[in-house]
Amino acid sequence: MVNPSFFIACLLFIALNAIVQGVVAAKDKVPVEILKGINDLDKVILRNFRGSSVEVYLYGAQVLSWKNEHGEELLFVSSEANFEPPKPIRGGIPLCFPQFSNLGSLAAHGFARNRFWSIDASSHPFLANSSRTHVDLLLKPTEEDMKIWPHSFEFRLRVTLRPAGDLMLTSHIRNTNTDGKPFNFTFAYHTYFAVSDISQVRVDGLETLDYLDNQQNRTRFTEKEDTITIESEVDRVYLTTPTKIAILDHEKKRTFVIRKYGLPDAVVWNPWEKKSKTIADLGDDDYKRMVCVEAAAIENPITLKPGEEWRGRVEFCAVPKLLQWAA
């Protein structure tokens, strides 16, 4: 008969050894690292001890990879994506600022996504603390930016990889005009989620809501379906949406959960087959493997007086099962 005290001691030793090995493994990983990406563009890689990772390019402050602990890619990047500034990169999480789509005088989706950002040294000494799994990036307008959008601003973005592998983006936009003038802007995290097959995907949390249909000159409709499935081109801005939205991928048996704060609207976009063939930096069949569900502020532009700051945050988690969803 095994002595109970001896058995408990063995279990404690095994548990302690596992903890020690985990700590050692975590220390062997560099949580934040600057490397060269495609076309020699600078990128920052965030890693956690479980093996999840995030890659964010300084060009556009654009997250272009988010992998779970099994190394599975959770974001979509086009097979024809350009990595040649000043062209935007098709995929990941482009930042639409200070204009969403063509709702203004600027080029579609504004200019933040095709500018080179800097690492925000004022936030913390970069890489000084090895336990950090976030990076702070900063954008200020250039002289050329001021010619097309004559407002002074500071845009600070924090990209965070949490211990469980969740991804969080937090934006702080401040009006730094010295002429006393306010400005307004529209905004979106234009997130491309990777899915197995668009025909096996549904979006929950937007049913019964009003939306603007961009395929019909932004005519306002009310969603009639109990759940949103995509069987043709869709380009809609859902209004006054809940904090939580879910994307269910039946083939992968995976649920993406989106939580958003300060962002009342949500865009759902998939170009489908016909339009995909007209988009130069999108493969003809890429539409089958992606869906955009974007946390946004579009219907009512955000107005900032000099010295005022807006904050918008989005959190993503990928659950390896299909959730019975209730927004």
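Our subject is the structure that appears above.
The sections below set out a description of the structure shown in this document. Values in this document were obtained by computation on a predicted structure and should not be read as measured data.

Thresholds applied
- Residues numbered from 1 in each chain as written.
- Predicted model: local features only at pLDDT ≥ 70, side-chain atom pairs only at ≥ 80, totals over all residues.
- Heavy atoms only, no water.
- Helix = DSSP H or I, 4+ residues; strand = E, 2+ residues; numbered from the N terminus.
- Buried < 20%, exposed > 50% of the residue type's maximum accessible area, 1.4 Å probe, protein only.
- Contact = heavy atoms within 4.5 Å.
- Areas by Shrake-Rupley, 256 points an atom, 1.4 Å probe, with all protein chains shown as cover.
- Core = buried A, V, L, I, M, F, W, Y, C linked by side-chain atoms within 4.5 Å.
- Phe/Tyr/Trp six-rings, centres within 6.5 Å; stacked < 30°, edge-to-face > 60°.
- Lys NZ or Arg CZ within 6 Å of the ring centre and 35° of its normal.
- Pairing = 2+ DSSP bridges.
- Axes fitted to C-alpha atoms, helices over the stretch in contact; angles between N-to-C directions.
- Polar contact = N/O pair within 3.5 Å; in protein donor to acceptor, adjacent residues only side chain to side chain.
- Lys, Arg positive; Asp, Glu negative; His and termini not counted.
- Salt bridge = Lys/Arg side-chain N within 4 Å of Asp/Glu carboxyl O.

1. A few points about the overall build of the protein chain
- A count of helical and extended segments in the protein chain gives 3 helices and 21 strands.
- Counting all 327 residues of the protein chain, 48% fall into the buried class.
- The contacts in the protein chain between residues at least 6 apart in sequence include a share of 64% that link residues at least 24 apart.
- Accessible surface, the protein chain as shown: approximately 15900 Å² in total, 52% of it carbon and sulfur.

2. Some details on the nonpolar core
- Counting 62 residues, the largest nonpolar core has Phe155, Val159, Leu169, Phe185 and Tyr189 as its most contacted members.
- Tallying contributions element by element places strand β20 (residues 290–304) first for this core, with 6 residues.
- Core analysis: the second largest hydrophobic core is formed by 17 residues, Phe76, Phe100, Trp269 and Ile298 among them.

3. Looking at the packing of aromatic side chains
- For the structure shown, the criterion picks out 25 aromatic pairs.
- Ring pairs connect the aromatic residues Phe97, Phe111, Trp117, Trp149, Phe153, Phe155, Phe183, Phe185, Phe187, Tyr189 and Trp310, which therefore count as one cluster.
- The ring of tyrosine 261 is capped by arginine 313, whose NZ or CZ atom sits 4.2 Å from the centre of that ring.

4. What to know about the sheet that holds strand β3 (residues 53–57)
- Across the sheet, 4 strands lie side by side as β1-β2-β3-β4; this open sheet has antiparallel pairing. In this open sheet, the two strands that pair with only one neighbour each are β1 (32–36) and β4 (62–67). Recorded for the sheet is a direction-independent mean angle of 20° between the axes of neighbouring strands.

5. Focus on the sheet that holds strand β8 (residues 153–161)
- Taken in spatial order, the 9 strands of this open sheet run β6-β7-β8-β9-β21-β18-β17-β12-β15, and their pairing is antiparallel. For this open sheet the edge positions go to β6 (118–119) and β15 (228–229), each flanked by a neighbour on one side alone.
- In terms of strand pairing, β6 meets strand β7 (residues 134–139) through 2 bridges, oriented antiparallel. Of the residues in β7, the one forming a bridge with isoleucine 119 is leucine 137.

6. Points about the pairing of strand β21 (residues 309–319)
- Among the 11 residues of β21, 8 are classified as buried, and the element is accordingly described as predominantly covered.
- One ladder, built from 8 bridges, connects strand β9 (residues 167–175) with β21; its direction is antiparallel. Across the sheet, methionine 168 pairs through a bridge with glutamate 315, a residue of β21.
- Bridge count for strand β18 (residues 254–261) against β21 is 7 bridges, and the pairing is antiparallel. Bridge assignment links valine 257 to a residue of β21, and that residue is cysteine 317.

7. Let's talk about the side chain of asparagine 175
- As for its placement among the helices and strands, asparagine 175 is situated in strand β9.
- Among the residues examined, asparagine 175 registers a relative accessible area of 1% and is labelled buried.
- For asparagine 175, the side chain forms a polar contact with the main-chain nitrogen of asparagine 177, separated by 2.8 Å.
- A distance of 3.2 Å separates a polar side-chain atom of asparagine 175 from the backbone oxygen of lysine 181.

8. Considerations on the side chain of glutamate 294
- Along the chain, the position of glutamate 294 falls in strand β20.
- We note that glutamate 294 is buried and unpaired, the nearest opposite charge coming from arginine 90 at a distance of 8.6 Å.
- With near-sequence residues (within four places) excluded, glutamate 294 lies in contact with Phe100, Ala188, Tyr189, His190, Thr191, Asp265, Ala266, Val267 and Trp269.

9. Describing the environment of aspartate 120
- Here aspartate 120 is to be found in the loop between β6 and β7.
- Remark: the alpha-carbon pair of aspartate 120 and aspartate 136, spanning 16 residues in sequence, is separated by 5.3 Å.
- If we ignore the near neighbours within four places in the chain, the residues touching aspartate 120 are Asp136, Leu137, Leu138 and Arg156.
- A distance of 2.7 Å separates a polar atom in the side chain of aspartate 120 from a polar atom in the side chain of arginine 156.

10. What to know about the pairing of β1
- Alignment of β1 against strand β2 (residues 42–47), held across 5 bridges, turns out to be antiparallel. By the bridge assignment, lysine 36 is partnered in β2 with aspartate 42.
- Between β1 and the antiparallel strand that follows it, β2, lie 5 residues; asparagine 39 among them carries a positive phi value of about 55°.

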